[in-house]
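Notes for the structure review
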Amino acid sequence: MKILKRVLVVLAVIALVLVAALLIKKDYAVEREITINKPKSEVFRYIKYLKNQDNYSKWSMMDPDMKRSYRGTDGEVGFVSRWESASDSVGVGEQEILKITEGERLDFELRFEKPFEAKEQVYMTVTAVNDNQTKVVWGFKGQMNYLMCLFMDMEKIIGSDLQTGLERLKQVLESRSSAPDGSLAFLEYYYSRTGSDLKNAIAGLSEEQLSFKPSADKWSIAQCLEHIIVTEKVLLDMSMKEMEKPAQPERRSEVKTSDADLIKMITDRTEKHQAPKELQPAGTYTSGEMALADLNAGRQAALRYIRSADPENLRNHISEYPTGKADGYQNFLFVAAHTARHIQQIEEIKSDPGFPGN
């Protein structure tokens, strides 16, 4: 009888341990990293868009018949990518962008619904190794029942999938040309880059430096800034109005200039032109910070439009100019390229022997 009681006590203890194991949560964290031979800005603008994970994430490729749906604007906080699969290895769930630290880090939340319910915190970070190399870290943080942790090595299971995804990401990005690829991601990136380049070009300049003119018939940096801002407003308004016109997909073949050639043509300063009277500066700015604030404010509506645009619809809107035909995508591309052109002009002014401080 004593032996039976002891057996029952042991069984009861084991049962309690197992029940507790099912209830107690255990934290886990898994990270993997890789170095990609591309500039940090280019890597970030690619991973910023959840839809691009279809090109490198192992989980996105496990079921070719997986159903997908989306809510919100990709590349912005609140965007949700949802999947549904009949395969238990994929199941049903969704991923949402929770936070974007521009150029540095993305935070997501994974919400699994089937075959089990769970929430995981996911993040990706980018760090510049040098101008042409970027370290990417992909990490998971979550909780599991303690009993499951006894039988599942999360470090090994998730770590292997993360590493596979990072290796594919490296392959995808390093095989891509750095030339314009026609995506909304590139268009947003080009606006971001020209804005950043302009900010760097005028950083720390005094009022004397901003107003310096190499000669009486040339502009100062302050005048260049004013021309950039006034022209961007005109060009962006024109681009938006062009998109209000009926689409003409049958005319797409009439556009002969590639995106890369358009940028090259606009930014080539071997041939200079006089701006129309309405786009010439009137002496608005004495502060670089004020000019940048006005530039960024003017770009906000355009960037919101670009982020939610349909690339095909942009390409189906054809505009005619004295220099040839362009599509809606190229109209927006032209705006940022025009700014890049005049950033070069600002650098030319700064390199003049008479520039204050030289």
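Residues numbered from 1 in each chain as written. Predicted model: local features only at pLDDT ≥ 70, side-chain atom pairs only at ≥ 80, totals over all residues. Heavy atoms only, no water.

**Some thoughts on the side chain of Ser 319**
Counting through the fold element by element, Ser 319 comes out in strand E8 (residues 318-321). Under the relative-accessibility criterion, Ser 319 is labelled buried at 3%. Here Glu 242 takes part through its side chain, which lies 2.6 Å from a polar atom of the side chain of Ser 319. When residues no more than four places from it in sequence are discounted, the contact partners of Ser 319 are Glu 242, Gly 324, Lys 325, Ala 326 and Asn 331. (Helix = DSSP H or I, 4+ residues; strand = E, 2+ residues; numbered from the N terminus. Buried < 20%, exposed > 50% of the residue type's maximum accessible area, 1.4 Å probe, protein only. Polar contact = N/O pair within 3.5 Å; in protein donor to acceptor, adjacent residues only side chain to side chain. Contact = heavy atoms within 4.5 Å.)

**Some words on the confidence of the model for the protein**
Looking at the protein as a whole, the pLDDT averages 84, with 87% of positions reaching at least 70. In this model residues 7-13 is a low-confidence stretch, pLDDT under 50, and it forms zero contacts with partners more than four residues away in sequence or in other chains. Segment residues 15-25: pLDDT under 50, and 12 contacts once partners within four positions in sequence are set aside and those in other chains are kept. (pLDDT = per-residue confidence, 0-100.)

**Considering the packing of helix H5 (residues 184-202) against helix H7 (residues 221-243)**
Each packed pair of helices is defined by two parameters, the angle between the axes and the distance between the axes. Direction vectors running N to C along H5 and H7 enclose 165°, while the axes themselves pass 12 Å from each other. Judged on the interaxial angle alone, H7 and H5 are roughly antiparallel. For the pair H5 and H7, the crossing hand works out as left-handed. Counting all contacts with H5, which are made through Tyr 191, Leu 198 and Ile 202, the residues of H7 involved are Ile 221, Leu 225, Ile 228 and Leu 236. Per-class residue counts for the contact of H5 with H7 are seven nonpolar, no polar and no charged. (Axes fitted to C-alpha atoms, helices over the stretch in contact; angles between N-to-C directions. Parallel < 35°, antiparallel > 145°, perpendicular 65-115°, else oblique. Left-handed = near helix turned anticlockwise from the far one by under 90°. Nonpolar A, V, L, I, M, F, W, Y, C, P; charged D, E, K, R; others polar.)

**A word on the side chain of Asp 107**
Looking at the secondary structure, you find Asp 107 in strand E5 (residues 105-114). Looking at Asp 107, its side chain comes within polar contact range of the side chain of Arg 105, at 3.0 Å. Among all residues touching Asp 107, those that are not within four sequence positions of it are Glu 96, Ile 97, Leu 98, Lys 99, Val 122 and Tyr 123.

**Notes on the environment of Gln 345**
Here Gln 345 shows up in helix H11 (residues 328-350). Along the backbone, Gln 345 and Ile 221 are 124 residues apart, and their C-alpha atoms lie at a distance of 8.3 Å. Those residues in contact with Gln 345 that sit more than four places away from it in its chain are Trp 219, Cys 224 and Arg 269. Of the polar contacts made by the side chain of Gln 345, one reaches the side chain of His 342; its length is 2.7 Å.

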